[in-house]
Amino acid sequence: MNSTSLIRNHQPLTKRLANLLKEAGPKVWQASDFAGIDQLHLGGLEASKALARWLPLNATRGLDIGCGLGGTSRYLAVNHGCSMVGLDLNNDYIQAAQLLNSHLPALSDCHFVVGNSLALPFAENRFDFAVSQHASMNIAQKAVLLAAVHKVLKAEGCLLLHEVMLAQDCAQTSVDYPTPWADQYDHSHLSHWPGFMQLAHAIGFNLIKFEDNTMDALEWLHKTRNQPPPPPFTPNIALGPTAGMMSANMLRNLQQGRLQIVSASLVKACLLYTSDA
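Scope of this entry: the structure provided in the associated data block. In this text, all values refer to a predicted model and were calculated from it rather than measured experimentally.

The rules we used
- Residues numbered from 1 in each chain as written.
- Predicted model: local features only at pLDDT ≥ 70, side-chain atom pairs only at ≥ 80, totals over all residues.
- Heavy atoms only, no water.
- Salt bridge = Lys/Arg side-chain N within 4 Å of Asp/Glu carboxyl O.
- Helix = DSSP H or I, 4+ residues; strand = E, 2+ residues; numbered from the N terminus.
- Buried < 20%, exposed > 50% of the residue type's maximum accessible area, 1.4 Å probe, protein only.
- Arc of directions from axis to C-beta.
- Contact = heavy atoms within 4.5 Å.
- Pairing = 2+ DSSP bridges.
- Axes fitted to C-alpha atoms, helices over the stretch in contact; angles between N-to-C directions.
- Right-handed = clockwise from strand over helix to strand, strands pointing away.
- Core = buried A, V, L, I, M, F, W, Y, C linked by side-chain atoms within 4.5 Å.
- Left-handed = near helix turned anticlockwise from the far one by under 90°.
- Parallel < 35°, antiparallel > 145°, perpendicular 65-115°, else oblique.
- Nonpolar A, V, L, I, M, F, W, Y, C, P; charged D, E, K, R; others polar.

**A word on the pattern of salt bridges**
Here comes step 1: Taken as a whole and judged by the stated rule, the model has five salt bridges.
Here comes step 2: Measuring nitrogen to oxygen at the nearest pair gives 3.3 Å for the salt bridge that ties Lys49 to Glu46. Residue Lys49 and its partner Glu46 are located together in helix H3 (residues 44-52), separated by three residues, close to a single helical turn.
Here comes step 3: Lys49 gets classed as partly exposed once you look at its relative accessible area, which sits at 26%.
Here comes step 4: We note a salt bridge from Asp176 to Arg252, for which the minimum N-O separation is 2.7 Å. On the criterion of sequence distance, the pair formed by Asp176 in the loop between strand E5 (153-166) and helix H7 (193-203) and Arg252 in helix H10 (residues 243-255) is long-range, its members being 76 residues apart.
Here comes step 5: The partly exposed category is assigned to Asp176, whose relative accessible area is 23%.
Here comes step 6: Here the salt bridges share partners, and the residues they tie into one network are Asp176, Arg252 and Arg258.

Here it is, written out as structure tokens:
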């Protein structure tokens, strides 16, 4: 989940996390210990694991767009040996991600930077893959986003998506807010999947794999509402006091068929140049 998540606590997130880590006492932390706050997308850690199964075998250098507290970056670095850069517009989130990293052993190849996903601060053709989990819902300029990602991917690099879309024939105004990405309707810019994919294809991406995860997301949300993550690292730390309302609205939006949850693998197409000579 990216920086669009709503933080409404007066105390900085990094300070709250530092206090929780201190109160927990000496401990050898594992990346999975933080899943309650750094895997806030629908499906949680299991959704990150499922998306990672689509990584090409030779994909090692990755970009995590809208990384939030860095859970996906950490998972890919620890479990798949990837060299990860996580990017988010929210400096508080990036500082929190760096703080969590500092409490994990041997995590030297996972870094976080503050940056705008519409103007990525990286050289062309730098990354083997990029991953975006619930990071585009409040971005109106979808074509600009896709073009920016396309630019920094190597030829045949892949974009792994796990995103929230508008369900077919559903209007923006039918979605209940607040949600984790927007507190009201005019801050949200959801797409229908066919329109999103049309933009992606025009920019130079080919669709390789696709799954509709809506029912899985609904089942996961039911489960986590009945069995929330154990303290101290719970979603309200990152999402603020309205976390419960966001969860209830997401449940209703999914139950009423207003949203579609999708996973997809898109590949940067290689351009073939021909000559008349």
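There's plenty left to go through after this.
**Description of H3**
Here comes step 1: All of the buried residues along H3 are Gly44, Ala47, Ser48, Leu51 and Ala52. Down the axis of H3, the sector holding all buried residues measures 135°, keeping them to one side.
Here comes step 2: Structurally, H3 contributes buried residues whose contacts are with helix H4 (71-80), strand E4 (127-133), E5, helix H8 (214-226) and strand E7 (259-268).

**Details of the sheet that holds strand E2 (residues 83-88)**
Here comes step 1: Pairing in this open sheet of seven strands is mixed, and the strands run E3-E2-E1-E4-E5-E7-E6 from one edge to the other. With partners counted over all chains shown, the strands left at the sheet margins are strand E3 (110-114) and strand E6 (205-212), one partner each. Across the sheet, the axes of successive neighbouring strands diverge by a mean angle of 20°, strand direction being ignored.

**A short note on the pairing of E4**
Here comes step 1: In terms of burial, E4 is a largely internal element, seven of the seven residues being buried.
Here comes step 2: Regarding topology, helix H6 (residues 142-152) serves as the crossover connection from E4 to the parallel E5, and that connection is right-handed.

**Thoughts on the nonpolar core**
Here comes step 1: Leu17, Phe34, Ile37, Leu69, Leu76, Phe129 and Phe233 are the most contacted members of the largest nonpolar core, which has 41 residues in total.
Here comes step 2: If you look at the next biggest cluster of nonpolar residues, it comprises 26 residues, including Leu63, Phe122, Phe127 and Phe205.

**Some thoughts on the packing of H8 against H10**
Here comes step 1: Contact geometry for H8 and H10: axes closest at 10 Å, N-to-C directions at 145°. For the element pair H8 and H10, the recorded crossing hand is left-handed. Where H8 abuts H10, its residues Thr214, Ala217, Leu218, Leu221, His222 and Arg225 lie against Gly244, Ser247, Ala248, Met250, Leu251, Leu254 and Gln255.

**Quick look at the packing of H6 against H7**
Here comes step 1: Following both chains from N to C, one finds H6 and H7 inclined at 40°, their axes separated by 9 Å at the closest point. With respect to H7, the element H6 is oriented oblique. Two packed elements cross with a definite hand, and for H6 against H7 that hand is right-handed. When H6 is examined against H7, the residues Lys142, Ala143, Leu146, Ala147 and His150 are found in contact with a partner set consisting of Phe196, Leu199, Ala200 and Ile203.
Here comes step 2: A per-class count over the contact of H6 with H7 returns seven nonpolar, one polar and one charged.

**Regarding the side chain of Ser247**
Here comes step 1: Of note, Ser247 is situated in helix H10.
Here comes step 2: The contacts of Ser247, once residues within four sequence positions are left out, are Leu221 and Arg225.

**A word on H7**
Here comes step 1: Taken together, the buried positions of H7 are occupied by Trp193, Phe196, Met197 and Ala200. Burial along H7 is one-sided: seen end-on, the buried residues are contained in an arc of 95°. Among the exposed residues of H7, those oriented more than 90 degrees off its buried face are Pro194, Gln198 and Ala202.
Here comes step 2: One or two residues past the end of H7 sits Gly204, with phi positive at roughly 125°.

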